[in-house]
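So the chains spell out like this:
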Amino acid sequence: MAPVIELKNINKYFGSHHVLKDINLSVNKGEVVVIIGPSGSGKSTLCRTINRLESIDSGEIRIDGELLPEEGRQLARLRSKIGMVFQSFNLFAHKNVLNNVIMGPVNVLHKSKPEASKEAIELLKRVGVDSEAHKRPSQLSGGQQQRVAIARALAMQPDAILFDEPTSALDPEMINEVLDVMTKLASDGMTMLIVTHEMNFARRVASKVIFMDDGSIVEENVPEEFFENPKTERARIFLNSIKSE
């Protein structure tokens, strides 16, 4: 069976700056792949290329074995299979929580509004914010907004969800409420690719850890091996710098 997400020889430049260097990566069904590394290593850019929020200069991206094109209906169809949760929530401020969640199912999946609303309430219950369904995003805490964003991604019934540093904009006490939801998704078998600075979460939940530095994948391993016995000097330095903080 083809990987849900597959990247082959991905290169990306911002002007003369080579931000992604020959990236090869696959995410299989049910895997939780966590990408870590220092700031500026290309983690978020890599995450954003997977659904073409960032273009690539060379290489191939495949979703369920199908080549992801640069534009057109095929792109829209494949992109709808991959959910995305951003660090800054990206909810529509003028719509209430329920309408934020049902927009995709109604407009893209062509579900009826009653059907989409019923499913949305169940998803909001799953992430613990169903009581906030008729509030605007501005009336919610950051942690609640991020959980709504996760429900919105789930509403599209995706094959996988990308998380781009989903807790980095949150106050410390709100981080765990979002990580708890993500941990439950992992245990339910959701395929996820997660860019994060939360090392304890990575150690606990990841199927495999990808360590990036300077636009390259430096090391890839299961979490126990990576955190206890990193193979590269660069990874050892990075992990030691975190322990000393």
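How each quantity is defined
- Along every chain, residues carry numbers that run from 1 in the direction the sequence is written.
- Local features in this predicted model are restricted to residues of pLDDT 70 or higher, and side-chain atom pairs are both shown and tallied only at a pLDDT of 80 or more, whereas totals for entire chains, interfaces and linings draw on every residue.
- Heavy atoms throughout the structure, all of them, feed into the side-chain values; hydrogens and water do not.
- Numbering of helices and strands starts at the N terminus; helices are DSSP runs of H or I of at least 4 residues and strands are runs of E of at least 2.
- Both definitions apply: the radius of gyration is a C-alpha atom measure, and the globule rule equals 2.2 Å times residues to the power 0.38.
- Note on classification: 1.4 Å probe, protein chains only; a residue is buried when its accessible area is under 20% of the maximum for its type, exposed when over 50%, partly exposed between these limits.
- Between two residues, a contact is recorded if the distance between any of their heavy atoms is within 4.5 Å.
- What makes a salt bridge here is a side-chain nitrogen of Lys or Arg within 4 Å of a carboxyl oxygen of Asp or Glu, nothing more.
- Two strands qualify as a pair provided that DSSP identifies no fewer than 2 bridges between them.

> Would you explain the overall build of the chain in this entry?
If you tally the helices and strands in the chain, you get nine helices and ten strands. Relative to the globule expectation of 18 Å for 245 residues, the C-alpha radius of gyration of the chain, 18 Å, shows essentially globular dimensions. Considered along the principal axes of its C-alpha atoms, the chain spans approximately 55 × 40 × 35 Å. Among the 245 residues that make up the chain, the fraction classed as buried is 52%. Counting only contacts in the chain whose residues sit at least 6 apart along the sequence, the fraction spanning at least 24 positions is 64%.

> Please clarify how the pattern of salt bridges should be interpreted in this entry.
Side chains that differ in sign of charge can pair as their charged atoms come close. Per the stated rule, a full pass over the model turns up 18 salt bridges. Residue Asp214 is joined to Lys21 by a salt bridge in which the shortest nitrogen-to-oxygen separation is 3.1 Å. Of the two residues, Asp214 sits in the loop between strand 9 (208-213) and strand 10 (216-221) while Lys21 sits in strand 2 (residues 17-27), which places them 193 residues apart along the sequence. Each of Lys12, Arg48 and Glu54 takes part in one network of salt bridges that share partners.

> Mind showing me how you'd approach the sheet that holds strand 5 (residues 66-67) here?
Note on sheets: strands pair through backbone hydrogen bonds, and any given pair is parallel or antiparallel. The sheet built from four strands is open, its strands ordered 2-1-4-5 with antiparallel pairing. Each edge of the open sheet carries a strand with a single partner, namely strand 2 and strand 5. The sheet contact formed by strand 1 (residues 5-14) and strand 2 spans seven bridges and is antiparallel. Considered in strand 2, the bridge of Phe14 is made with His17.

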